[in-house]
Amino acid sequence: PGQEEAPSARPPASVLLPGVVSTTVPDGPNKVYIGNLPLTLGEVEVKELLSSFGALRAFHLVTDGGNGPSRGFGFCEYLDPAVT
């Protein structure tokens, strides 16, 4: 009683930070599946390609074992739902 919880160092997932792209893409109408990606493309290259259409809110490139090579697909969500 009377003790306050320490504030979390990380903002809630719903808070947007300018220039920060989340690695968690929530299920919803604006979640975009990206498939048939060349296995040689890494996260940086795919994000660069997707960003040419608009600013990303979230992006996740699926890889083997979490840190292995790309499996050739991923998911994203744009800041502007009209881009979707």
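Along each chain, numbering runs from 1 in the same order as the chain's sequence is written. Only residues with pLDDT of at least 70 get local features here, since the model is predicted, and only at 80 or more are side-chain atom pairs given and counted; chain-wide, interface and lining totals rely on the full set of residues. Excluded from the side-chain calculations are hydrogens and water; all other atoms, namely the structure's heavy atoms, are used.

(A) Molecular detail of the pattern of salt bridges. Salt bridges, as used here, are contacts in which a Lys or Arg side-chain nitrogen is within 4 Å of a carboxyl oxygen on Asp or Glu. Using the criterion set out here, one finds three salt bridges in the structure. Ionic pairing is found between Lys31 and Asp27, a salt bridge with its closest N-O pair at 2.7 Å. Throughout this description, buried means an accessible area under 20% of the type-specific maximum (1.4 Å probe, protein chains only), exposed means over 50%, and partly exposed covers the range between. Look at Lys31 and you get partly exposed, because its relative accessible area is 28%. Owing to a relative accessible area of 70%, Asp27 belongs among the exposed residues under this scheme. For the salt bridge of Arg71 with Asp64, the shortest nitrogen-to-oxygen distance reads 3.5 Å. What makes Arg71 partly exposed here is its relative accessible area of 47%.

(B) Structural view of unusual backbone geometry. With a phi close to 60 degrees, Asn36 is a non-glycine residue in the positive phi region. Helix and strand labels come from DSSP, where a helix needs a run of H or I of at least four residues and a strand needs a run of E of at least two; each type is numbered from the N terminus. Here Asn36 shows up in the loop between strand S1 (32–34) and helix H1 (43–51).

(C) The confidence of the model for the protein, seen in detail. Looking at the protein, pLDDT values average 84 and 77% of them are 70 or higher. Summary of the metric used: pLDDT quantifies the predictor's per-residue confidence within the range 0 to 100. The secondary-structure element of the protein with the lowest mean pLDDT is strand S2 (residues 56–63), recorded at 94, while S1 shows the highest, at 96.

(D) The sheet that holds strand S3 (residues 70–78), seen in detail. DSSP-based pairing: two strands are paired if at least 2 bridges between them are found. Ordered by their spatial adjacency, three strands build an open sheet running S1-S3-S2, and the pairing between neighbours is antiparallel. At either margin of the open sheet sits one strand with a lone partner, and together these are S1 and S2. Across this sheet, the average inter-strand angle for adjacent strands is 20 degrees, counted without regard to direction. Here S1 runs beside S3; their pairing, made up of three bridges, is antiparallel. For Tyr33, the partnering residue across the bridge sits in S3 and is Phe75. By the convention used here, residues are in contact when the closest approach between their heavy atoms is within 4.5 Å. For every element, the axis is a line fit to its C-alpha atoms; helices are fit only across the contacting stretch, and the angle between N-to-C directions ranges from 0 to 180 degrees. Along the sheet face, H1 touches S1, S2 and S3 and points at about 140 degrees away from the line of S2.

(E) Representation of the side chain of Glu77 in the model. Within the element layout of this structure, Glu77 appears in strand S3. For Glu77, the contacting residues outside a window of four places in its chain are Val25, Pro26, Asn30, Leu56, Arg57 and Ala58.

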